[in-house]
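Results of the structural survey
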Amino acid sequence: MCEFWRILQKRWCKVEEYGASNHRGEDMMTFSGQSQPKLDEKGRLILPAKWREALGDGIYLTKGQDRCVSLYTATEFSKISERLEAARQTTKAARFFVRNFMASAESEAPDRQGRITIPGHLREYAGLGRELILAGVNNRIEIWDLATWNAFMAEQDSEFADLDEEVIPGIF
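Figured I'd write up the structure that's included with this text. None of these values were measured; they are calculated from a predicted model.

Here the focus is helix 3 (residues 74-85). For helix 3, which comprises 12 residues, the first-to-last C-alpha distance of 16 Å matches the rise-based estimate of 16 Å (1.5 Å per residue) to within 8%. Where helix 3 is concerned, the buried positions are E76, F77, I80 and L84. Angularly, the buried residues of helix 3 cover 100° about the axis, an arc narrow enough to put them on a single face. Facing away from the buried side of helix 3, by more than 90 degrees, are the exposed residues E82 and E85. For helix 3, the elements touching its buried residues are strand 4 (59-63), strand 5 (69-73) and helix 4 (92-103).

Here is the structure:
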């Protein structure tokens, strides 16, 4: 076995069928895949079974980029909060980002049926209707209105297919 694969096997767990895998330590989860739950009249959605165990200790919901709602594990949100606390507060853009990200954040805990409530201000921010898509995106799950996601991805898929330069060094 070549050195690269030996190191890779040692450092990374394979992505399990559950859609959430743990690599580089007990408290870092990676989410992948998609699910299409429906939002009920009370603003709740049922989390996919493949992610429930990873989210069982509580979650944080906050504004995400591109008008989605970002869902983080409590552990991941704590790490982000610490990094935001260390951000230079003398920079207007940093103050704005920290204020917007943290002020919109809400703590939630899934109930016994695996349901969470998305607060009204986050549903409004993301324009969430009844049809949703949950997308696993590394350290978070993004919650999108299905029609918004489909329009966004139609544009992004074309750009992705046409990439001809390295976007993330060492990856692609």
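Still more to cover.
What follows deals with the nonpolar core. By size, the foremost hydrophobic cluster in this structure holds 21 residues, and its most contacted members are L45, L55, L61, L71, L128 and I143. Among the secondary structure elements, those contributing two or more residues to this core are strand 2 (29-35), helix 2 (49-55), strand 4, strand 5, helix 5 (120-126), strand 8 (132-138) and strand 9 (140-145). At 3 residues, helix 5 tops the list of elements feeding residues into this core. Residues contacting L55, with those up to four places away along its chain left out, are F31, L47, L71, T73, P110 and I141. With 7 residues, the next largest nonpolar core counts I80, L84, F101 and A105 among its residues.

Moving on to a nonpolar patch on the surface. Together, F160, L163, V167 and I168 make up a nonpolar patch on the protein surface, roughly 390 Å² of accessible area in all. Examined against the element boundaries, V167 turns out to sit in the segment after helix 6 (146-161).

Before going further, it helps to spend a moment on the pairing of strand 9. Counting buried positions along strand 9 gives 5 out of 6 residues, so the element sits mostly inside the fold. Relative to strand 9, strand 5 is paired through 3 bridges, and the arrangement is antiparallel. If you follow V69 over to strand 9, its bridge partner there is I143. Two strands pair when backbone bridges link them, and strand 8 and strand 9 are joined in this way by 6 bridges, in the antiparallel orientation. Each bridged residue has a counterpart across the sheet, and for L132 the counterpart in strand 9 is D145. From the end of strand 8 to the start of strand 9, which pair antiparallel, there are 1 residue.

Turning next to the packing of aromatic side chains. Summed over the entire model, instances satisfying the criterion amount to 8 aromatic pairs. For the pair F31 and W51, a centre-to-centre distance of 6.1 Å together with 90° between the ring planes defines the contact as edge-to-face. Residue F31 is located in strand 2, and its partner W51 is located in helix 2; the two are separated by 20 residues in the primary sequence. A single burial state applies to F31 and to W51, both of which are buried. Between Y72 and F77 the ring centres are 6.4 Å apart and the planes differ by 55°, which places this aromatic pair in the tilted class. The exposure class assigned to F77 is buried, which follows from its relative accessible area of 5%. Aromatic rings pair up to connect Y60, Y72, F77, F97 and F101 into one cluster.

Attention shifts here to a negative patch on the surface. There is a patch of like negative charges on the surface, built from E155, E159, D162, D164 and E165. Among the secondary structure elements, E155 is positioned in helix 6. Among the residues examined, E155 registers a relative accessible area of 49% and is labelled partly exposed.

What counts and what doesn't
- Numbering of residues begins from 1 in every chain and follows the order in which that chain's sequence is written.
- In view of the model being predicted, local features appear only for residues whose pLDDT reaches at least 70, and side-chain atom pairs are presented and counted only at 80 or more, with totals across whole chains, interfaces and linings using the full set of residues.
- Computation of side-chain values covers all heavy atoms of the structure but excludes hydrogens and water.
- A run of H or I in DSSP counts as a helix once it spans at least four residues, and a run of E counts as a strand once it spans at least two, with each numbered from the N terminus.
- Every helix has an expected span of 1.5 Å times one less than the residues it contains.
- With a 1.4 Å probe rolled over the protein chains alone, any residue whose accessible area is under 20% of its type maximum counts as buried; one over 50% counts as exposed, and the rest are partly exposed.
- The arc in question is the one spanned by the directions pointing from the helix axis to the C-beta atoms.
- It only takes one pair of heavy atoms within 4.5 Å for two residues to be counted as in contact.
- Take the buried residues of types Ala, Val, Leu, Ile, Met, Phe, Trp, Tyr and Cys, join any two whose side-chain atoms come within 4.5 Å, and each joined set is a nonpolar core.
- Note that patches include only residues with greater than 30% relative accessible area and no salt bridge, and the join distances are 9 Å for like charges and 5 Å for nonpolar side chains (Val, Leu, Ile, Met, Phe, Trp, Tyr).
- Surface accessibility follows the Shrake-Rupley procedure with a 1.4 Å probe radius. Residue values consider only the protein chains on display as shielding.
- Salt bridges, as used here, are contacts in which a Lys or Arg side-chain nitrogen is within 4 Å of a carboxyl oxygen on Asp or Glu.
- Here, strands pair whenever DSSP counts at least two bridges between them.
- Working definition: a ring pair exists when centres of Phe, Tyr or Trp rings (six-membered ring for Trp) sit within 6.5 Å. Plane angles under 30 degrees give stacked, over 60 give edge-to-face, the rest tilted.
- Charge assignment: positive for Lys and Arg, negative for Asp and Glu; neither His nor the chain ends contribute.
- Charge positions come from single atoms, namely NZ of Lys, CZ of Arg, CG of Asp or CD of Glu.

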